[in-house]
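The lines below spell out each chain.
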Amino acid sequence: MEFVVKSPGACGELIQGQIDGQNFLVTCPIERYSIATAWPKTTTQTHELPYKAQQAVAVTKEYLRIVRDIDVVLYSELKDGKGMASSSADISAVCLAVALAAGRHLSMQELARLALSIEPSDAIFYPGIVQFDHLQGHFLRPLGHFPEAYICIFDQGGVIDTVEFNAREDLISKRAAKEKEIQKALTLLVEGLRKGDMIKIGTAATMSAYANQRILPRPYLADLDAWGKALGANGVIVAHSGTVCGLLLTDLKKLDDIRKGLSVEFGNTLTFLDCVKVYNGGIHFVRRS
């Protein structure tokens, strides 16, 4: 008996910052996944796993007091170090797969605690859109479901290590400096999600993207915002501690124009990565005999 667990990645975050000293992000899950397959080990063959996935196996077995060896294979559709929640997706998929293969289960809260014991974590494994304390896990607020929409994802190149980024000494003061902007963005986003209003949702994400300029500057942001609006995009989404960004779309009619025009508008500054649908389903699994 084996279990296949799929955990979604992300295109950055809809919002990230702090309010009244409470750090949080708002998830932006997409239909691209980390996929972990696990089963009780019956041979001496060992499958190699990335380091954080190995940690996920270890912390899950320790937490659930699993003695039996579990074999795990991991495949990811997400790029590392880009702000696509690749590590969070890997870790959550592996943790749940190991638990299921051992005849156990993990709640969303348990998954969050295990993931945070390894590194700061996105909460993409929760269904819907959530506001989540990605550093300590002390706060979670479901915000509803995203209307049907797509994100055209671009990459500025390079990689950013999430652990190193969140250890920056200047983050506390810089997060505090943008708190009023983040409060306004969050209020607008909550209203937009409640009403299914893509203009408000896109505006809120764009506000957070601009507020993040004092932490992780993107010289091209204003041009991307204006270019996107001219092509009918509802707003700009960024990885607040990563290298990807995206245009929020309600349909794909302009996708060819976006792909063809990108190199003309931004040269080598941005590279087209993907066009994906926003995802509300959270982590899920299937059992195979």
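Residues numbered from 1 in each chain as written. Predicted model: local features only at pLDDT ≥ 70, side-chain atom pairs only at ≥ 80, totals over all residues. Heavy atoms only, no water.

Turning our eyes to something else, we now look at the packing of helix α1 (residues 51-64) against helix α3 (residues 108-116). Axis separation between α1 and α3 bottoms out at 10 Å; the angle between their running directions is 125 degrees. Taken together, the axes of α1 and α3 are oblique relative to one another. Like other packed secondary-structure pairs, α1 and α3 cross with a definite hand, here right-handed. Each of Val59, Thr60 and Tyr63 in α1 lies in contact with α3, whose residues at this interface are Glu110, Arg113 and Leu114. The residue inventory of the contact of α1 with α3, partitioned by class, reads 3 nonpolar, 1 polar and 2 charged. (Axes fitted to C-alpha atoms, helices over the stretch in contact; angles between N-to-C directions. Helix = DSSP H or I, 4+ residues; strand = E, 2+ residues; numbered from the N terminus. Parallel < 35°, antiparallel > 145°, perpendicular 65-115°, else oblique. Left-handed = near helix turned anticlockwise from the far one by under 90°. Contact = heavy atoms within 4.5 Å. Nonpolar A, V, L, I, M, F, W, Y, C, P; charged D, E, K, R; others polar.)

Turning our eyes to something else, we now look at the domain arrangement of the protein. You'll often see interface size given as the accessible area lost when the parts meet. The domains assigned to the protein are domain 1 (2-143 + 280-288) and domain 2 (144-277). Contacts between the two partners involve 36 residues from domain 1, matched on the other side by 43 residues from domain 2. For the pair domain 1 and domain 2, the summed buried area comes to about 3200 Å², and 62% of that belongs to carbon and sulfur atoms. Of all residues in domain 1, Leu14, Gln18 and Lys82 bury the most surface against domain 2, accounting for 20% of the area lost on that side. Counting across the domain 1 and domain 2 interface gives 2 salt bridges. Run the count over domain 1 and domain 2 and you get 15 residue pairs in polar contact (both at pLDDT 80 or more). Ranked by residue count, the leading element in the side of domain 1 that touches domain 2 is strand β1 (residues 2-19), at 9 residues. Of the residues that constitute the side of domain 1 that touches domain 2, the class distribution is 15 nonpolar, 12 polar and 9 charged. (Domains from an automatic or database assignment. Buried area = accessible area lost by both parts, 1.4 Å probe. Salt bridge = Lys/Arg side-chain N within 4 Å of Asp/Glu carboxyl O. Polar contact = N/O pair within 3.5 Å; in protein donor to acceptor, adjacent residues only side chain to side chain.)

With that out of the way, let us pick up the UniProt feature "domain: GHMP kinase N-terminal" (unreviewed entry) in the protein. Taken from the UniProt record, the annotation "domain: GHMP kinase N-terminal" (unreviewed entry) applies to residues 55-122. The annotated region residues 55-122 carries 51% helix and 10% strand content, and the separation between its end C-alpha atoms amounts to 17 Å. (UniProt positions renumbered as here; feature names shortened; annotations may be inferred.)

This part takes up the pattern of salt bridges. Evaluation of the coordinates by the stated rule reveals 13 salt bridges. As a salt-bridge pair, glutamate 2 and arginine 288 come within 2.6 Å of each other at their nearest N and O atoms. One end of the pair, glutamate 2, is in strand β1; the other, arginine 288, is in strand β10 (residues 284-288), with 286 residues separating them in the sequence. The class of arginine 288 is partly exposed, set by a relative accessible area of 42%. Here lysine 229 makes a salt bridge to aspartate 225, at a shortest N to O gap of 3.6 Å. Placement of the pair is lysine 229 and aspartate 225 together in helix α8 (residues 221-230), with a separation of 4 residues, close to one helical turn. For aspartate 225, a relative accessible area of 7% corresponds to the buried category. A cluster of three or more residues bridged by salt bridges with shared partners is formed by Arg168, Asp170 and Lys174. (Buried < 20%, exposed > 50% of the residue type's maximum accessible area, 1.4 Å probe, protein only.)

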